[in-house]
Structures are given as structure tokens and as C-alpha cells.
Amino acid sequence: MGTERKRKVSLFDVVADPSVSGKISKTNGAMATGSSNGKNDGSSLVNRWNGRPYSARYYEILEKRKSLPVWQQKDEFLQTLKKNQTLILVGETGSGKTTQIPQFVLEAVDMETPDKRKKMMIACTQPRRVAAMSVSRRVAEEMDVTIGEEVGYSIRFEDCSSARTVLKYLTDGMLLREAMTDPLLERYKVIILDEAHERTLATDVLFGLLKEVLKNRPDLKLVVMSATLEAEKFQNYFYGAPLMKVPGRLHPVEVFYTSEPERDYLEAAIRTIVQIHMLEPPGDILVFLTGEEEIEDACRKINKEIGNMGNQVGPVKVVPLYSSLPPAMQQKIFEPAPPPSEEGGRPGRKIVVATNIAETSLTIDGIVYVIDPGFAKQKVYNPRVRVESLLVSPISKASAHQRAGRAGRTQPGKCFRLYTERSFSNDLVNQTYPEILRSNLANTVLTLKKLGIDDLVHFDFMDPPAPETLMRALEVLNYLGALDDDGNLTKMGEIMSEFPLDPQMSKMLVVSPEFNCSNEILSVSAMLSVPNCFVRPREAQKAADEAKARFGHIDGDHLTLLNVYHAYKQNSEDPTWCYENFINQRTMKAADNVRQQLVRIMARYNLKLCSTDFNSRDYYVNIRKALLAGYFMQVAHLEKTGHYLTVKDNQVVHLHPSTCLDHKPEWVIYNEYVLTSRNFIRTVTDVRGEWLVDVAPHYYDLENFPQCEAKRVLERLYKKREREKEDSKNRR
Amino acid sequence: MAESAQNGSENGRGREGGEGEEADYMGDLSLLLPPEASEPPKSSARKIPNDKPMTVQPPKKKSKLLSWQEQRKLERERKQQEEDEQTLANIEAPIPQSNIGFKLLQQMGYTPGSALGKEGSGRAEPVGLEIRRSRAGIGREDPHKEKKKQEEFMVERKTRKEESLMADFGSRQKSQWRTRRVVINYHKAKAALDQLENKEVLEPEKNDEDQECEQDEEEEEVITEEDLLMILTKLREEHNYCLFCGCQYESKEELLSYCPGTDEDDH
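Because the structure is predicted, anything quoted here is derived from the model rather than measured. (Residues numbered from 1 in each chain as written. Chains lettered and ligands numbered in written order. Predicted model: local features only at pLDDT ≥ 70, side-chain atom pairs only at ≥ 80, totals over all residues. Heavy atoms only, no water.)

Draft legend 1. Main features of the pattern of salt bridges. Here the structure, examined in full by the defined rule, presents 53 salt bridges over all chains. One salt bridge connects A:R384 with A:E468, and the closest N-O pair in it is separated by 2.7 Å. With A:R384 in the loop between β14 (375–382) and β15 (387–394) and A:E468 in helix α18 (residues 467–479), this pair connects stretches of sequence that are 84 residues apart. Here A:R384 matches A:E468 in class, with each residue buried. A salt bridge links B:R78 to B:E82; the shortest N-O distance between them is 2.4 Å. Of this pair, B:R78 and B:E82 are both found in helix α4 (residues 68–90), four residues apart, which corresponds to roughly one turn of the helix. Accessibility classification places B:R78 together with B:E82 in one group, the buried group. Counted as one network, the salt bridges with shared partners bring together A:K168, A:E178, A:D182 and A:R187. (Salt bridge = Lys/Arg side-chain N within 4 Å of Asp/Glu carboxyl O. Helix = DSSP H or I, 4+ residues; strand = E, 2+ residues; numbered from the N terminus. Buried < 20%, exposed > 50% of the residue type's maximum accessible area, 1.4 Å probe, protein only.)

Draft legend 2. Examining the sheet that holds strand β18 (residues 644–646) of chain A more closely. Taking strand neighbours around the barrel as the criterion, the five strands line up as β17-β18-β19-β21-β20 (chain A) in a closed arrangement whose pairing is mixed. Sheet twist, expressed as the average angle between the axes of neighbouring strands with direction ignored, equals 50°. With two bridges joining them, β18(A) and strand β19 (residues 652–655) of chain A adopt antiparallel strand pairing. Within β19(A), the position partnered with A:Y644 by the bridge is A:V653. In this fold α4(B) packs onto β19 and β21 (679–687) of chain A, with an angle of close to 85° to the strand it touches most, β21(A). (Pairing = 2+ DSSP bridges. Axes fitted to C-alpha atoms, helices over the stretch in contact; angles between N-to-C directions. Contact = heavy atoms within 4.5 Å.)

Draft legend 3. Fine view of the sheet that holds strand β3 (residues 151–155) of chain A. Residue and element names in this part refer to chain A. Across the sheet, eight strands lie side by side as β4-β3-β5-β2-β6-β7-β1-β8; this open sheet has mixed pairing. Strands at the two margins of the open sheet, each flanked by one partner only, are β4 (158–160) and β8 (243–246). For this sheet the average axis-to-axis angle between neighbouring strands, irrespective of direction, equals 20°. Pairing of strand β2 (residues 121–126) with strand β5 (residues 167–171), which is carried by five bridges, proceeds in the parallel orientation. Each residue of the ladder has a partner; that of A123, found in β5, is K168.

Draft legend 4. Representation of the interface of chain A and chain B within the structure. If you look at the interface, chain A gives 90 residues, while chain B gives 73 residues. Across the interface of chain A and chain B, roughly 7400 Å² is buried in total on both sides, 57% from carbon and sulfur atoms. Scanning the region where chain A abuts chain B turns up five salt bridges. A salt bridge links B:E83 to A:R678; the shortest N-O distance between them is 2.9 Å. Inspection of the region where chain A meets chain B yields 18 residue pairs in polar contact (both at pLDDT 80 or more). If one sorts the elements of the side of chain A that touches chain B by residue count, α18(A) sits on top with nine residues. When the residues that make up the side of chain A that touches chain B are grouped by side-chain class, the tally is 40 nonpolar, 21 polar and 29 charged. (Buried area = accessible area lost by both parts, 1.4 Å probe. Polar contact = N/O pair within 3.5 Å; in protein donor to acceptor, adjacent residues only side chain to side chain. Nonpolar A, V, L, I, M, F, W, Y, C, P; charged D, E, K, R; others polar.)

Draft legend 5. Structural detail: the confidence of the model for chain A. Overall, the predicted model of chain A reaches an average pLDDT of 89, with 94% of residues at or above 70. Confidence drops under pLDDT 50 across residues 1–43 of chain A; counting only partners more than four residues distant or on other chains, this segment forms 59 contacts. (pLDDT = per-residue confidence, 0-100.)

Draft legend 6. Local environment of empty space enclosed by the protein. Residue and element names in this part refer to chain A. Counted by the stated rule, this structure contains eight cavities of 30 Å³ or more. As a volume, the second largest cavity reaches approximately 80 Å³. What lines the second largest cavity is E92, T93, R249, L250, H401, Q402, G405, R406 and R409. Residue composition of the lining of the second largest cavity, by class: one nonpolar, four polar and four charged. (1 Å grid on protein atoms, 1.4 Å probe; cavity = no way out; pocket = protein on both sides within 12 Å on 5 of 7 lines; lining within 4 Å. Points joined across faces, edges and corners; volume = space filled by probe spheres on them.)

Draft legend 7. Layout of the nonpolar core. All names here are of chain A. Among the nonpolar cores identified, the biggest contains 132 residues, and I191, F499 and Y700 are the most heavily contacted of them. Counting residues per element, this core draws most heavily on helix α10 (residues 201–216), which supplies nine residues. Core analysis: the next-biggest nonpolar cluster, separate from the first, contains 41 residues, V105, I122, Y169 and V223 among them. (Core = buried A, V, L, I, M, F, W, Y, C linked by side-chain atoms within 4.5 Å.)

Draft legend 8. Highlighting a positive patch on the surface. Residues and elements named next belong to chain A. Residues K640, R712, R716, K719 and R723 make up a contiguous surface patch of positive charge. Mapped onto the elements, R712 comes out in helix α28 (residues 709–731). R712 gets classed as partly exposed once you look at its relative accessible area, which sits at 41%. (Patch = residues over 30% accessible without salt bridge, like charges linked within 9 Å, V, L, I, M, F, W, Y side chains within 5 Å. Areas by Shrake-Rupley, 256 points an atom, 1.4 Å probe, with all protein chains shown as cover. Lys, Arg positive; Asp, Glu negative; His and termini not counted. Charge placed at Lys NZ, Arg CZ, Asp CG, Glu CD.)

Draft legend 9. Structural view of the domain arrangement of chain A. Residues and elements named next belong to chain A. Per the domain assignment, the segments making up chain A are domain 1 (56–246), domain 2 (253–435), domain 3 (441–632) and domain 4 (633–731). Computed from C-alpha coordinates alone, the two centres of domain 2 and domain 3 are separated by 36 Å. Residue-level contacts link nine residues of domain 2 with six residues of domain 3. Across the domain 2 to domain 3 interface the summed buried area is about 720 Å²; carbon plus sulfur atoms make up 49%. Ranking the residues of domain 2 by area buried against domain 3 places R300, P383 and R384 at the top, with a combined share of 50%. Applying the counting rule to domain 2 against domain 3 returns one salt bridge. Counting the contacts that link domain 2 with domain 3 gives two residue pairs in polar contact (both at pLDDT 80 or more). (Domains from an automatic or database assignment.)

Draft legend 10. Examining unusual backbone geometry more closely. Residues and elements named next belong to chain A. Positive phi values are uncommon outside glycine, yet L185 reaches one of about 50°. Counting through the fold element by element, L185 comes out in the loop between α9 (172–181) and β6 (188–193). Judged by relative accessible area, L185 falls into the buried class, the value being 0%. Of note, the phi angle at K648 is positive, near 75°, even though the residue is not glycine. Take K648: it is sitting in the loop between β18 and β19.

Draft legend 11. Focus on the confidence of the model for chain B. Residues and elements named next belong to chain B. On average, residues of chain B score 69 in pLDDT, and 66% of them reach the 70 mark or higher. Between the elements of chain B, mean pLDDT differs from a low of 39, seen in helix α2 (residues 17–32), to a high of 94, seen in helix α5 (residues 100–107). For residues 1–63, every residue scores under 50 in pLDDT, and the model assigns this stretch 106 contacts once sequence neighbours within four places are set aside. Confidence drops under a pLDDT of 50 for residues 203–220, and excluding neighbours within four residues, the segment shows eleven contacts in the predicted structure.

Draft legend 12. How the structure looks around the packing of helix α19 (residues 491–498) of chain A against helix α20 (residues 503–511) of chain A. All names here are of chain A. Two elements in contact, α19 and α20, have axes whose closest approach is 9 Å; the angle formed by their N-to-C orientations is 110°. Between α19 and α20, the crossing angle belongs to the class labelled roughly perpendicular. You can see that α19 and α20 cross each other, and the crossing is right-handed. Seen from α19, the contacting residues are M492, I495 and M496; seen from α20, they are P503, S506, K507, V510 and V511. The residue makeup of the contact of α19 with α20, split by class, is six nonpolar, one polar and one charged. (Parallel < 35°, antiparallel > 145°, perpendicular 65-115°, else oblique. Left-handed = near helix turned anticlockwise from the far one by under 90°.)

Following this line, the structure appears as C-alpha cells:
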């Protein structure tokens, strides 16, 4: 137990020397109390947070904490913080800044408020949910308190904090949401923006926002923590705030380049792995690839290649690592390399094949060799064709540097870049574009509007987005009725902004009672907000496909998801049922949780929870109409030539092979438009042309429509509508 | 979000189980699609059909050797390349001023053509798209793009070669023609000189010329431009005669003022 916990923790840069952690897991408990530290301090000190005496474990961890590089600068940090309102702290991963800095602040800052029951708080933001959760757990352990009490976390759809909480780890998106109800963030005394170099959308918006808040709240302090070089940019942006550097614990890393560009980077990576395994001294290998499928593919190939070499080489343990991997599988990256297959044989090696989550957020000890093909899946958005997708793109020089650094965590290492030195200097950009330049900003604009920021043109973004990106966002919000024609937030927009969802989905939820199906739309929304619920193990693909087909709804994937949710509930959330039906139970639990949260928001705004009679023929029709009421801008039309064109943008798209539709409806709404192996629309449902005209006449306004087949069809529909009106008048 | 998870299942499909499914789907398409029908409606994409022959041909040539699955795969890749080109072409078109989003941003104080930010320091254009669908390493492009570039290069080189060949051919023709003219003119001049020197000699008949031409082959090497120049100068100096004017002038002065020059080209 103790061991496992420690390993989980070492995921997020709090790692101490592995040899030490090894010893401690062996000597856990009784032995530790016998140590001098335990005796001397343990009896005399009481935990100021919960009034209980410190446990032995507290002292154990304290010793380890004190060896972290950031402890060397504790006093310097606290003094600089005292003198300044804003402070920028640069430290490589492994310096301990994420776990230690907030604790330093806690020791130095008075958290009491006039109201005895309430305390001021320190916020520490994280770009990722997992990090917020695991770091807060670790820190709770270090402070010897219970998670959710003095130390808590808050992520979308899950709040694990209380009135006693003084230190809260939360995603940057959550802090932004809190600002919507507490514009001056008055419950916080210090705000720490961690991993600022990642430049997530929410962090960038927080930058601009906090600059304003700081002016109005002289008592508030801001610490910006970053791993890499852009620190000077931060410094300029925050009016020349002082900069502190914490040295990381890095050994030198030798970098190698190829002499020629590679024809196939995957092949090259495998070749390099084999060579390292044959020729280099012991040490684990970390390979960066782009996605789940590529990683699984690579793992099989590596096992095969090295298996073919037989006893010539030592044994290997090949471990995949990507974000959708179940946590138990992720833990495997911390297992040690295998021992030699026979006594005195060649040593074994661990090979971790990972996405760029191993670049900054995860630390794996024992890595000596890094292989960097130079690619990563990155989000791209283009407002002109309205496509938001993950695309494989070349990484930046900063990323390449970061990747190389992973080889020098425990001893001097080597990094093999699968490109030429010339490519490194000519083909790689210096810094990855911040997310704000690569994202659809519809939701962000709605949030900013809710925060009362009306002048988006002159808002102090660190990297202002392209005007067209904002135009698209404003257009979408206007069509959804969240902004009026003067750009003011409407009542509808106010309610929509309360949902932590895309504006299309929020709109769909808000109007679903009008279609008498809010219960069903809630379930569909919840299912769309979690990862894919269908499991498709390699060894049982056929069975999995058959199982999925049993949930299939003839009219489309949204309704299929609804079927899955209903079946899950009917079978009382039974894990066995999930297993037998190739449904991911974790995902279903998450969906259920999301649904509960959404129900609460619906209740807050008096939105009725209702359903059409299941036996009525309108049951599914109403649901499909409600879907359309939110997603009328994501419609594709089947052309006579047999392919789909997206409405208004006229992009050629194809139904994603995962769809349950066995025919091609004339009109479909889609949840996503992605560029994978082809231009796919994913999660698709059949809708009728007439509904477009009924539900969203302002969008399907022919005056504002490019000339195309879809327009001619709509013209006919409008004429038909006219005739019907005439007829009914005449009949009267 | 769900990207990687779903991706995986999609790809699992793409590889094996899904092959049939997707192939059927494409099969549908090819039944419905006359070859030119895939032409997108936008004018910006019109250049695609032009590119087609280039991209189509190589797979077609190979197709006899490939299984139908591979053919399908190639066909699908080719279609995707066309669609990608269209996507990239569509990305060139900015959002029009008539768009409501444009108007709303203008109401917030945006001046068309400027950038956003406190100091207007933002980027004016959205970040572009680069679509990579192969595993070509950094510093290399997708194979089809590289192939296309190479093809373009080859085509260019071919035309350049042809052009230079043509130019070469032209100049050779010209020089051949020139030497022939030299010979002809030489004979004409010789005849004229003979005529002028002993007035009795008759002008050579046209037939002679042809005959002479046929004899040229032997004489070609003998009669050079220099010989012609010498004889022409003699005619001018001694007889005030210009072969190209075809007449004898009264005086040297007249020759100089009326005759445009000593070369045939001057006339």
C-alpha cells in the first residue's frame, strides 16, 4: 500500500531519490518511529491545522521534502513575496515547487478572517485535472491532514474542499469559473498559477483577468510558476515583477541528431531502440510518440523485434503511456526494469512509449535515454473552416529541450533526435503557439462577457488571438441567442454561461424543456462530456462490435449513447453488466456524476425536468429536435454525389466509421469535425430538413447562404412551408 | 478529450475489423461518383482536376500488381489529398465583412485590418493548418507531397530541356540556313562580279542555283563567310555594286547613301 501510494505520487514531480523511497517502503511504520527525528520533534509538536500531534510519517516525508532544491531558497522566496505583489518563479520539474511553494506560503501568511468559521485560502492552479487531484493528495499527506479538509481540490464536476480548506489545488478553468461569481476572487489571499509555461487557454485568460484584479486588490498576491524559458515574457507582461530561479536537478544530456531526415519516424524510433538496447549501458528508454494507436502499435513492434533477437540481448519491459490509459495501467511505468533472464546474463531494460504527457507533467525515474521523433498531437483551430481537431505537428524547440531533459533526471543521459540538426534550427518553431491561438473561443468569449469584460478588442491578452477567431465566437454566440445584435449578454447567455460546457450544449440543455425531453438531453450531454464509453479490446474486437451494435439506434449516435445510459441505469450500474457489454464502467460513473451536476444547475435556474412518454412516436423526434436546437450550426448535407458537405462552409466530410448509422441520411448533425485519417464527422444523428427551417430559421436564412445544393433543397422546403400555410388558411 | 480513446477504436477498425466497413462505405461512393463528380463546388478548388492526372496515374499503373484492398487504400488516400487541398484552399478565404461576428467585433472597436490586444500587437491572421498524414520525419514532407514536388520539378526540368532543345534546334537551323545563304550569295556575287568584269557573261539561271545548292555539300566547307565578304567588298569597291540592292550605283557616294548596308540582314 505504502509503496503504491508513493509511486502514484512520484507521477507529479515530488520525487525524491528512488533509493531512499525504496528503503522507506521497506522500513515503513515501526522502524521510522525509532528514528531520531520522530523522537525529538514528534512529542513536542502539534499540527497547527487540525490540532492533532504529527504522525511519524509526517517527519519521514519532511526529511525528504527538505532535500528538494526549492527548500534552499525558502527564505529568499518568502522575503521576495513579502515585498512584492507579483512574483515569477522558474523551476525545472523536480525542483518541488508545485508541492512546496504553497506550503511555504501557508506558513508565512495569516489565513484568519474576522469570521472564525471561515478562513482565507491559497489557490494553486493546474492545467490538468489529474494533477490537481494527485498533487493535493500528496500535499495533504505531507501536511498530515485529511484530503478535502484543510487541503482540497476542485475540478470540473468535482469539488473536494470544505469551509476549513486553506489550500486548494484547482484546474485553471475552475478558478476562471469561480471568478464568474466572485469577480475579485475575494476568498483568496494568494493565487499561484502553476505550469504557466503550458499557456493553456484558461491560464492565459486568468493572466489578463488577474492583472485587473490585482489593481483592485492590493492585499492579493500572485505567484506565477513556470518550467521554462519564457520567464522574461511573463516578467514584461507583469510590469517587471521579480524573477526567482530554482535550479532543477539535471545531469548533462548529450544530444544526437540524424544525418538525414527520416522517411518514417516510427521505423526510425524502433531501430534506435534496438540499437540502444544492444549497444548502450543499462538505463531505461523513453520514446515520445503521438497517440494511443501509434503507441500500442509501436509496443507490439518493439516486443517483436527484440523478441526475435533471443538471448543475444537482455529482457525488456515495454510500457505504453497515454492519458486515456486506465490508472492501474499507468502505474506500470513506475515498475522497475526486468532482471536478467539468467544469473549473470545481460541486464534488462524498461522502455516507456509515451505521448507528450511524459514531457512535463510526469516524471519517471531511471530514464537515461530519450528518443524524440519531433512530433506531438496538438490542438488546432481554424475559424475560417471552423475545424477544431488534434493534428500531428512538429514540436517546438522548447519542447525538444524539455524532452531531452527527461534523460538527465537520475544520471547523465543521451537524447536521440530523429531529425537533423539543420531541421532542429530551421523547421522547429521556438515556442509552441499558446492554446488561445489554437482554440475555438466561443466558450471563452461567453465567460469573459459574463465577467463583465465588454471590450474584447483591447483586452490585455499576453498573446491576443486573431480577430477572425473572435468573430466566429461572437457569431456563434449571437446565433445561439447568448448575445444580442449589439453584443450584449442576454438572459439566455447568462444562464448558458453557468454551465461548464460548450455553448451549443448549454443552449441545448436550456431549451430542452421546451421540447419536453430535458431528462434525456441531460443524459446525452453527460455522455458527450466524458470519454468514449465503448471498450474495444484487441483480442475481442468482434464481440465488442456486436455488443455495441445492440445499443445502436437507427437514427444516430446521440441516441445510441442515450440507450447505453438507460441500459446502465436499468442494470443498476452493475460492473459485471458493464464488463459483459464492453462498456467502460469508469466512464459511466463519470457520466452519471456529470449528469447530477448538470441537474443541479438546471434546478438553480428553474429549468423543468421532463420527458415525453416513451411510447409516444414523438419521444425520439423531440430529442432530435432539441439536439438540433443547440447544434444547428453543425449540420452536414448529403450531396447527390454521395458525400457530405458541411453547411455554409462546404467542407467535404465523411461519417466516422464508429457511427452506428447504417444508412446515409440527407441531413445530419454532428458533435465533432475532426481531421484524423480522413475528414470525419463524429457522433452523428439524422435530422430532417424541415426541422432546420423550424428550429433555426435565423441561421437557415437563405439570404445569408452560399450557393450550393443544400440551399436549393432549403428553398424547396421553404416553398413547401409557404404552400402548407396557404392551404391551412384556405381550409379555414 | 475523448479524442485519444475514440481514436484508438477508430484505428483498430481502420486496420482490420473496420476495413470491410469502411471499404463498403467507399464502395458506395465510387458507385455513385462519376470521376469528375468529386469536383468541389468552390471556385478555389478548380485547380484540382488539373492536378488529377498527375496524382492518378501512378497508382493506376501499379494497380495491376496490387490487391483490391491496396487499390482502395490508394484511392482513399488520393481522395483525401484532394480534400485536404480543398480545405487548405478554403482557409485562404477570410470571414467576410457581412458576417454578424465581424460586425459585432467592429462594434467593440475593431478596425478592419488591425490586430487585437492592448497595444494591437496580436496576430492578424489565424494560425495556419499543416495536414500531415504520413510518418515522414521532420525535414521531410508527406510522400505524396514530396512526390508531387518531384513530379513538378521533373515536369519543369522536362519543359526546360525541351525549351533548350528547341532553342538549340533553332540556332542550328539558323546556322545551317546561314551557311546556305552564304554559299548562295557567294555564287550570286561571283556571277555578278563575272558579269561586271566581262559584261558578256549571262546571269546564271535559277536552275543553276538549285544545281549549285545540290553541289553545296562539297563546296560548303570551302566557301566561308569570309570569302563572301571578300567578294562583296570587291563588288562594292570596284563596281559600286551591291548584291542585295541588286543594282550598280553611279558613284561611291550614291552607294553609301542609298544602300542600307553591307549585310544581307540590313536589307
